[in-house]
Amino acid sequence: MAVDINVMRKSQSTVAIDLVNDKFTEKMSNIQLLDYIALVLARNMASNIAFKGGWVLRQIMEGHARATKDVDLSVETEKSYDEVKAVLKEIGQLLQARGMIDEFVIKEEIKPTQSGGITMYKDGSIVAGVDVGLHNIHYGVQHYELNYGFDAFTIERMLSDKILAILTRKRFRRTKDLYDVYAISHVFDFSSQKIVEFMRERGVTPEWDNIPFSAAVLEQYEIAWNKLRVQAISTDVEVEKPSFTAAISTFNEIAYKVKEIWLGQDSSVYEWNHNNCGWSVSE
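Please read these numbers as outputs of a predicted model, since none were measured by experiment.

Cut-offs and rules
Residues numbered from 1 in each chain as written. Predicted model: local features only at pLDDT ≥ 70, side-chain atom pairs only at ≥ 80, totals over all residues. Heavy atoms only, no water. Helix = DSSP H or I, 4+ residues; strand = E, 2+ residues; numbered from the N terminus. Expected span 1.5 Å × (residues − 1). Buried < 20%, exposed > 50% of the residue type's maximum accessible area, 1.4 Å probe, protein only. Contact = heavy atoms within 4.5 Å. Salt bridge = Lys/Arg side-chain N within 4 Å of Asp/Glu carboxyl O.

*Asks:* I'm lost on helix H4 (residues 78-97) in this one. Help?
*Replies:* Since there are 3.6 residues in each turn of an α-helix, residues three or four apart along the chain are aligned in direction. Between its first and last C-alpha atoms H4 spans 28 Å; for 20 residues at 1.5 Å apiece the expected length is 28 Å, and the two agree. If you check which residues of H4 are buried, you get Ser80, Tyr81, Glu83, Val84, Lys85, Val87, Leu88, Ile91, Gly92, Leu94 and Leu95. Buried residues belonging to H4 abut helix H2 (30-45), strand E2 (70-75), strand E3 (103-107), strand E4 (116-122) and strand E5 (125-134). Following H4 by one or two positions, Gly99 has its phi on the positive side, about 75°.

Take a look at the structure:
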């Protein structure tokens, strides 16, 4: 039976902070630590948050997703962020008291153009963090039941955000977005219509004039791509990533079709088939 997320949001609220002690252990790896942090946030924030990004992809793409040091999520109001901060403070204090981190820093403010969250340090290095964005979470979100239940962006919403970013100069410092588009396209089927719909909901006009990328952009982008390290989920070993040519080719296959639909040049609805990595008209 489908879960009505909006009903859940109205019926649930934050309670006294539960650090989920039955799941806590001082011998957690960094990966397990992120999972613990996400679990505490999911349990305490009910459906007032929506996870996204690399951590979510790791949950649903076992064996294909890249490792990450952050849990990414969105909230819709500053009040919800105040509640998130209270949970993050409790987590930080617990980890610090147990010697698992040396210090933590929480961003006090959040704005549409300025994320919030927490960064945790051990021996001068970042070991974990939570990045919190201020976004509408009443569309493009679904409820997942894996090791535990949580709300998160759908594949189409994550793709829409990544395509929008790749079309801007952010692409050079966020080559992980290009990797994620490639990985998603080889694991999941998705709808062109929903990607366009979520782009419009975001209220950001895509910089379509930037594709096809110029030779100069491609040269700079490939340099940035070659610097990207894709780590295995459970180790610090770098894993083989696709060639830049393969990654760009996949992005173009997806983005050009979305561009045509956005601009009204194609009125058909397409479904992506991950087995052959191509579009077909939806019946």
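*Asks:* Would you mind going over the pattern of salt bridges with me for this structure?
*Replies:* Oppositely charged side chains are able to pair whenever their charged atoms sit close together. A full pass over the atoms with the stated rule returns 13 salt bridges. Its salt-bridge partner being Asp35, residue Arg58 comes within 2.5 Å of it at the nearest N-O pair. Residue Arg58 is located in helix H3 (residues 53-60), and its partner Asp35 is located in helix H2; the two are separated by 23 residues in the primary sequence. Residue classification places Arg58 among the buried residues on the basis of a relative accessible area of 9%. One salt bridge connects Glu83 with Lys79, and the closest N-O pair in it is separated by 2.9 Å. You can see Glu83 and its partner Lys79 sitting in helix H4, four residues apart, about one turn around the helix. Each member of the salt-bridge network shares a partner with another, and the members are Arg66, Lys162, Arg174, Asp177 and Asp180.

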